[in-house]
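# Examination of the molecular architecture
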Amino acid sequence: SPGEMNGEDDYSKSAVMLLLVEGGSGYEILFEKRSVFIRQPGEISFPGGKFNPLTDNTYLDTAFRETEEETGLSRAMFSNAFSLPAVVAPMGAMVYPFVAFAGAIDFDCLVLDSREVEEAFTLPLDFFIKNQPEEYSVSLSVNPFSRDGDGRLVQTFPAADLGLPEKYHSSWGSVRHRIYLYKTCRGPVWGITGRII
């Protein structure tokens, strides 16, 4: 069953595929540059997407399905798939990463879904082994309110009305979230993608 962690239903759930393909100098990782038509346009990511309970029995099914939809590469081309630990994004997403192996890919034969993928390319696995990422951090806090499209404050957790201590009536807690960033010849690889690598 896909639900594996306590409280997992509080998160948007996705799966991604770190596909290792044979290249001229060893294994290379397949990446996508995200289309301007989807969230986080222009960013570099792995093939992947949201878990669909109507079509996917497992998160591995999601990773395979999304990879095929986005690149045209079929599940039959992959071997030795295995999972990596789940990653929780600070913005409420839980991502299940998988690694699979494939032979050499003819990029002329890829069928990219232009609604989601601007381009696909590979970078040598060796680059990521030999180069440490730059590390940064952002500060995250809990807010009992949000702002609507007009900038008006919307109370989402009425702490005062619930009789909770005053410290919960406004933002509280401050946690540093580490960000890993690799500078590559194709642009920055960071966020969830950088963390998985």
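Located above this text is the structure these notes cover.
Residues numbered from 1 in each chain as written. Predicted model: local features only at pLDDT ≥ 70, side-chain atom pairs only at ≥ 80, totals over all residues. Heavy atoms only, no water.

### Focus: the sheet that holds strand S13 (residues 187–189)
By way of backbone hydrogen bonds, the strands of a sheet pair with one another, either parallel or antiparallel. Read across the open sheet, the 3 strands follow the order S9-S12-S13; overall the sheet is antiparallel. Of all the strands in the sheet, the pair left with one neighbour each is strand S9 (134–142) and S13. Strand after strand, the sheet turns through a mean of 40 degrees between neighbouring axes, direction not considered. (Pairing = 2+ DSSP bridges. Helix = DSSP H or I, 4+ residues; strand = E, 2+ residues; numbered from the N terminus. Axes fitted to C-alpha atoms, helices over the stretch in contact; angles between N-to-C directions.)

### Re the packing of aromatic side chains
What describes a pair of aromatic rings is the distance from one ring centre to the other and the angle between the planes of the rings. Counted by the stated rule, this structure contains 11 aromatic pairs. On the basis of an interplanar angle of 90 degrees and a centroid distance of 5.0 Å, the ring pair of Phe127 and Phe128 is categorised as edge-to-face. Following the ring pairs from residue to residue traces out a cluster consisting of Phe31, Phe46, Phe121, Phe127, Phe128 and Tyr182. Here Arg186 stacks its cationic end above the ring of Phe121, 4.2 Å away from the centre of that ring. (Phe/Tyr/Trp six-rings, centres within 6.5 Å; stacked < 30°, edge-to-face > 60°. Lys NZ or Arg CZ within 6 Å of the ring centre and 35° of its normal.)

### Quick word on the layout of surface pockets
Volume-wise, the second largest pocket comes out at about 150 Å³. Surrounding the second largest pocket, Leu140, Ser141, Val142, Asn143, Trp172, Gly173, Ser174 and Val175 form its lining. Per element, the largest residue contribution to the lining of the second largest pocket is 4 residues, and it comes from strand S12 (residues 172–184). For the lining of the second largest pocket, the per-class residue count stands at 4 nonpolar, 4 polar and no charged. (1 Å grid on protein atoms, 1.4 Å probe; cavity = no way out; pocket = protein on both sides within 12 Å on 5 of 7 lines; lining within 4 Å. Points joined across faces, edges and corners; volume = space filled by probe spheres on them. Nonpolar A, V, L, I, M, F, W, Y, C, P; charged D, E, K, R; others polar.)

### Looking at helix H1 (residues 59–71)
The end-to-end C-alpha separation of H1 is 18 Å, in line with the 18 Å expected for 13 residues at 1.5 Å each. In terms of residue burial, H1 counts as a mostly covered element, since 10 of its 13 residues are buried. Among the residues making up H1, those that are buried are Tyr59, Asp61, Thr62, Ala63, Phe64, Arg65, Glu66, Thr67, Glu70 and Thr71. As for H1, its buried residues are in contact with strand S1 (12–23), strand S2 (26–34), strand S4 (48–50), strand S5 (79–83), strand S7 (93–102) and strand S8 (117–124). Sitting at the head of H1, Thr58 places a side-chain oxygen 3.3 Å from the backbone nitrogen of Leu60. (Expected span 1.5 Å × (residues − 1). Buried < 20%, exposed > 50% of the residue type's maximum accessible area, 1.4 Å probe, protein only. Contact = heavy atoms within 4.5 Å. Polar contact = N/O pair within 3.5 Å; in protein donor to acceptor, adjacent residues only side chain to side chain.)

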